[in-house]
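# Examining the three-dimensional arrangement
Chain by chain, the residues:
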Amino acid sequence: MTHLECSGCGREYSCNEIHTFCTFCQSPLLTVYNLKKARQYLDRDVFARRSKGMWRWAELLPVQKPENRIFLGEGDTPLLRLNRFEKVLGLTNLFLKDESSNPTGSFKARGLSAAVSKARELGVQKVIIPTAGNAGGAMAAYAARAGLKAHIFMPKDTPFANIEESRMAGAEVILVDGLISDAAGMAGEKARAEGWFDVSTFKEPYRVEGKKVMGYELAESFSWELPDVIIYPTGGGTGLVGMWKAFAEMEELGWLNKTKRPRMVSVQADGCAPVVRAFEKGASFCDFWINAHTLASGLRVPKSFADHLILQDIYESRGTAIAVSDEAILDAQKQLARLEGIFAAPEGAATLAALQQLIEKKWIQPDERIVLFNTGSGLKYLDYKTH
Amino acid sequence: MGHNVLYIEDNPDNMTLVQRALETRGYKLLKAKNGLEGVKIAETEEVDLILLDINLPDIDGYEVAQRLRASEKVALKTTPIIAVTANALKGDAEKALNAGCDVYMSKPINIRELWARVEAFVPMP
């Protein structure tokens with residue numbers, strides 16, 4: 001790691017100091033590595049011989065001292081072939097990256113492992129986060145293991161599992177009458193007033209670094225070739241932006257056998273689809289989504305702080321953005337469980353619903369290599385089943 | 001001549017940031033530290049676009065927007081208003097649009113987005 005760089009104006013910041021976002025243009029900061037140098041000594045095959053987990057990619061992560069890495073087993077999630085769905089949908093190369101096996105049951109573990117580890121390295125004592133649910137649970141767990149005090153703002157209708165896991169890990173949980181955007185406003189004010197480190201999506205530079213490892217794992221799983229299409233649920237967009245960053249890094253490292261990158265598909269819910277609406281207009285930024293509602297709480301993000309990065313990556317990939325109904329999400333969730341034995345989070349199930357739409361539109365060819373992302377376990381969302 | 005943008009905002013840091021950003025692009029910034037001062041400036045000066053913070057120390061941004069739209073100065077019925085707020089409480093965006101604002105932005109204001117939105121309403125020649 002050499003420095004942090006503003007994704008908007010390119011200004012550089014030290015990676016040895018605490019930074020949130022660019023103080024000049026207020027865009028997210030991204031971590032920059034000396035990949036030209038790394039290319040000379042980093043062999044892509046060495047990583048497969050290391051102990052499993054996200055931190056086997058340590059040279060490409062922002063934490064410098066090994067003792068600061070907070071590890072709970074995150075990363076190296078299974079890439080499952082969906083044989084039965086291939087037959088049903090007439091496809092020949094359909095996969096699902098199952099992030100539910102991460103600690104705390106969701107992909108949020110990756111980002112929070114990286115962010116909390118870096119926070120500890122920088123001497124941070126207290127961390128604060130607004131969350132739609134899973135990020136709060138993950139931050140609470142990693143903060144507990146790091147010995148940091150966690151403060152979590154979440155909507156009052158956040159799944160009970162997220163509230164309980166956060167409290168169990170000793171976090172202070174504040175339930176907000178509103179959406180994650182409301183929680184973000186409150187958490188931001190509290191962070192400024194108290195001087196706590198704000199770990200909001202893209203308002204610090206390191207969660208995206210943890211998430212990008214999903215891209216490295218995919219490339220390694222496919223023998224250093226990338227899939228044709230990645231279908232990814234998009235709330236804050238850290239995973240999508242992170243994987244796109246990973247693909248760029250791997251190109252610079254010379255690790256990819258083919259430099260053709262995947263078409264990125266951003267999946268949102270009908271009741272909250274700011275990226276989809278902006279994509280359809282060809283816009284560079286999203287409008288704030290009024291009256292956001294969906295049972296997929298992770299998709300209930302009226303406007304991401306990194307909306308321009310999400311859109312830029314979709315455009316650059318020649319991808320698309322697609323919205324699905326809650327009914328389609330529930331149906332897809334049931335299908336995934338019954339045909340493949342995967343009890344997916346609604347956000348993950350949304351990718352299957354989107355795939356079905358894309359097949360109908362003939363946007364996807366039957367022989368393309370397609371990867372769906374299940375971002376978490378359905379077990380964390382039992383509230384809406386009982387209500 | 002650059003367009004006049006009125007920014008109604010009580011936070012000096014935000015004011016400085018936006019002033020620097022818009023003046024870089026050739027806009028002239030008129031500044032008001034509270035809602036009543038903002039309404040007065042809008043009614044007496046040539047204003048091409050208004051940036052309106054919602055959380056103001058006297059009257060709130062919704063009230064400001066309603067007063068501007070109801071003003072006897074006819075031009076203010078159509079002057080673009082961009083609402084901005086840090087403490088986005090439930091329904092704030094909808095309330096801002098219902099009060100007469102054209103667009104809602106949440107803080108921290110991304111300057112590139114601000115440029116894009118201001119230029120969409122009042123393009124520089």
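Higher on the page you've got the structure.
Residues numbered from 1 in each chain as written. Chains lettered and ligands numbered in written order. Predicted model: local features only at pLDDT ≥ 70, side-chain atom pairs only at ≥ 80, totals over all residues. Heavy atoms only, no water.

Right, let's talk about the pairing of strand 7 (residues 149–155) of chain A for a bit. Each regular strand displays side chains that alternate between the two surfaces of the sheet. All names here are of chain A. Of all the seven residues making up strand 7, six are buried; the element is thus mostly covered by neighbouring parts of the structure. As judged from the five bridges shared by strand 6 (residues 126–130) and strand 7, these two strands associate in the parallel manner. Opposite isoleucine 129, over in strand 7, you have isoleucine 152 as the bridge partner. The handedness of the strand 6 to strand 7 crossover, carried by helix 4 (residues 134–146), is right-handed. With respect to chirality, the unit in which strand 7 leads through helix 5 (residues 160–168) into the neighbouring parallel strand 8 (residues 172–176) is right-handed. (Buried < 20%, exposed > 50% of the residue type's maximum accessible area, 1.4 Å probe, protein only. Helix = DSSP H or I, 4+ residues; strand = E, 2+ residues; numbered from the N terminus. Pairing = 2+ DSSP bridges. Right-handed = clockwise from strand over helix to strand, strands pointing away.)

Here we take up the environment of leucine 355 of chain A. Residue and element names in this part refer to chain A. With respect to the helices, strands and loops of the structure, leucine 355 is situated in helix 12 (residues 346–360). Separated by 214 residues in the primary sequence, leucine 355 and alanine 141 place their C-alpha atoms 33 Å from one another. In contact with leucine 355, not counting residues within four places along its chain, are Leu89, Leu91, Leu94, Ile231, Ile364, Ile370 and Leu372. (Contact = heavy atoms within 4.5 Å.)

This part covers the interface of chain A and chain B. Counting residues at the interface gives 26 residues for chain A, matched by 19 residues for chain B. Taken together, both faces of the contact between chain A and chain B bury some 2,000 Å²; the carbon and sulfur share is 56%. Put simply, chain A and chain B have two salt bridges between them. Linking glutamate 113 of chain B and lysine 303 of chain A is a salt bridge whose minimum nitrogen-to-oxygen distance equals 3.0 Å. Scanning the region where chain A abuts chain B turns up six residue pairs in polar contact (both at pLDDT 80 or more). For the side of chain A that touches chain B, the elements supplying multiple residues, two or more each, are helix 6 (180–194) and helix 10 (307–317) of chain A. The element best represented in the side of chain A that touches chain B is helix 6 of chain A, accounting for six residues. In terms of residue class, the side of chain A that touches chain B is built from nine nonpolar, nine polar and eight charged. (Buried area = accessible area lost by both parts, 1.4 Å probe. Salt bridge = Lys/Arg side-chain N within 4 Å of Asp/Glu carboxyl O. Polar contact = N/O pair within 3.5 Å; in protein donor to acceptor, adjacent residues only side chain to side chain. Nonpolar A, V, L, I, M, F, W, Y, C, P; charged D, E, K, R; others polar.)

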